[in-house]
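# Survey of secondary and tertiary structure
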Amino acid sequence: MSLLQPTKLIHHPQTAAPQPTKPLDEHLSSDTTRAVLRIQNQMLTATRRFLADRGFTELLPPIIGPVTDPGIRGSKQVDVDFYGHKYKLMTSAILYKQASLLAFDKIFYIAPNVRLEPLLTAVTHRHLAEFHQIDVEMRDATREDIMRLAEELVSHVVAEVVRERPAELEALGRDRDAFRELVEESFDRITHADATADLVGLGHPQDPGAEIDWMGEEILSGKSSRPFFVVDYPKGSRGFYDREDLAAPGVLRNFDLIAPEGYGELASGSEREFDYATLVTRMRETGENPSKYGWYLDLARRGIPASSGFGIGLERFTRYVTGLNAVWQASAYPKLPGVVSA
Ligand code: AMP
Ligand code: MG
């Protein structure tokens, strides 16, 4: 399959991304890739230390299961033949994160995800078909608790890279001043309704009942000089596991964390739904067949703990920190949607 021509990003400081036309040996042995992967390694080390210091237990993530996260904006799941049963590769580990709280109150994974994203995303600079999430879940946490944790984690990791990896940042041409506001100031928050109104005011046709689309996200991101949260997405725009606000029916207790400078979404998170009957209703409302979710609903019937959590896209976070043109450059073995590669 040949690659579509990259579109020029209107709000990104740089123009179209070079696409991964290099063979894998050239990619892996280039100075750029080495600098990026050293920074990514520092980010992983900093993440693990930060979460361990706060009492989180790292678990190894699941790779396959009878069901996986259906809330994945237009991408396709990959089937696996499990002894005659149709299993899926994980698109995200959300269902297992909730279950894991039966073992520990605070858990995290560095989890691989596979999503067959639509072909047109090969040129967004932000989509891989295989990527990783820093996946965090905390029992009895509110959305506000978990947003604070996400903010502290991102600030901690970026500060450590700035401190420990100045040579690599310089080699990549990433100005450390880009992170001064991030490290010193707290992240703003805007509601989905206000973000939508802003976009419509700017002439971007954002549907108020849907996830903010990629271009809308990039426009908002391009207007900001430090990361910010978008909160309160409308019911119907996200997965069944994002809890509805009891005080504001139709609004979900969730958030996205958006990187500045046009880099777009870094993380999504929420307070989770855990009530069995509500989960079944929400599955039906989101077009999911509850009978597919046997093990998860059995668990919910017996009692899943209340929790909040989030997932940060590791390659997207790396791209932002390193100032890369495209997210594939933050992967050792990049897989772009539709592109046959190593
Ligand atoms: P989501 O469950 O779609 O919110 O994904 C969680 C996080 O993973 C997002 O906030 C992104 O940072 C990252 N992510 C999602 N899809 C992709 C993709 N196709 N390529 C790279 N990163 C992704
Ligand atoms: Mg998201």
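Residues numbered from 1 in each chain as written. Chains lettered and ligands numbered in written order. Predicted model: local features only at pLDDT ≥ 70, side-chain atom pairs only at ≥ 80, totals over all residues. Heavy atoms only, no water.

## What to know about the side chain of Arg272
- Position of Arg272 relative to the elements: it lies in the loop between strand S10 (264–271) and helix H9 (276–285).
- Here Glu137 takes part through its side chain, which lies 3.0 Å from a polar atom of the side chain of Arg272.
- A polar contact of 3.2 Å, which involves the side chain of Arg272, links it to the backbone oxygen of Gly309.
- For Arg272, the residues in contact, after removing those within four places along its chain, are Ile94, Lys97, Gln98, Glu137, Tyr241, Asp242, Arg243, Ser307, Ser308, Gly309 and Phe310. (Helix = DSSP H or I, 4+ residues; strand = E, 2+ residues; numbered from the N terminus. Polar contact = N/O pair within 3.5 Å; in protein donor to acceptor, adjacent residues only side chain to side chain. Contact = heavy atoms within 4.5 Å.)

## Regarding the site of ligand 1
- The environment of ligand 1 is made up of 14 residues, and the closest members are Arg115, Glu117, Leu128, Glu265 and Leu266.
- Leu128 places a main-chain nitrogen or oxygen 2.8 Å from a nitrogen atom of ligand 1.
- The contact in question runs from an oxygen atom of ligand 1 to an N or O atom on the backbone of Ala267, over 3.4 Å.
- Out of a free accessible area of 480 Å², ligand 1 has 92% covered by protein chains.
- Tallying contributions element by element places S10 first for the shell around ligand 1, with four residues.
- Looking at the shell around ligand 1 residue by residue, the class counts come to four nonpolar, five polar and five charged. (Near = heavy atom within 4 Å. Areas by Shrake-Rupley, 256 points an atom, 1.4 Å probe, with all protein chains shown as cover. Nonpolar A, V, L, I, M, F, W, Y, C, P; charged D, E, K, R; others polar.)

## Regarding the sheet that holds strand S11 (residues 307–313)
- Ordered by their spatial adjacency, eight strands build an open sheet running S1-S5-S6-S11-S10-S9-S8-S7, and the pairing between neighbours is mixed. A strand with exactly one partner marks an edge of an open sheet, and here the two such strands are strand S1 (57–58) and strand S7 (188–191).
- Of the strands in this sheet, S7 and strand S8 (228–231) are in contact with helix H7 (residues 192–201), which crosses S7 at around 80°. (Pairing = 2+ DSSP bridges. Axes fitted to C-alpha atoms, helices over the stretch in contact; angles between N-to-C directions.)

## Topic: the pairing of S8
- The two faces of S8 match: Phe228 and Val230 on one face and Phe229 and Val231 on the other face are all buried.
- With four bridges joining them, S7 and S8 adopt parallel strand pairing. What sits directly across from Arg189, in S8, is Phe229.
- When S8 meets strand S9 (residues 254–259), the two strands line up antiparallel, connected through four bridges. The residue of S9 that forms the bridge with Val231 is Phe255. (Buried < 20%, exposed > 50% of the residue type's maximum accessible area, 1.4 Å probe, protein only.)

## Looking at the sheet that holds strand S4 (residues 85–89)
- Taken in spatial order, the three strands make up an open sheet running S2-S4-S3, and their pairing is antiparallel. Each end of this open sheet is capped by a strand with a single partner; those strands are strand S2 (64–65) and strand S3 (79–82).
- Where S3 meets S4, four bridges bridge the pair, whose relative direction is antiparallel. The residue of S4 that forms the bridge with Asp79 is Lys88.

## Details of the environment of Glu160
- Mapped onto the elements, Glu160 comes out in helix H4 (residues 143–164).
- For Glu160, a relative accessible area of 4% corresponds to the buried category.
- A polar contact of 3.2 Å, which involves the side chain of Glu160, links it to the side chain of Arg49.

## Here we look at the nonpolar core
- By size, the foremost hydrophobic cluster in this structure holds 45 residues, and its most contacted members are Phe310, Phe317 and Tyr320.
- Broken down by element, this core gets its largest block of residues, nine residues, from H4.
- When residues no more than four places from it in sequence are discounted, the contact partners of Phe317 are Met43, Ile134, Val154, Val157, Val158, Leu266 and Ile312.
- The next biggest cluster of nonpolar side chains, apart from the first, holds 15 residues, and it includes Leu95, Tyr241, Val280 and Leu299. (Core = buried A, V, L, I, M, F, W, Y, C linked by side-chain atoms within 4.5 Å.)

## A short note on the environment of Tyr333
- With respect to the helices, strands and loops of the structure, Tyr333 is situated in the segment after helix H11 (314–322).
- Sequence-wise, Tyr333 and Asn41 are 292 residues apart; in three dimensions their C-alpha atoms are separated by 15 Å.
- In contact with Tyr333, other than residues within four places in its own chain, are Leu24 and Leu28.

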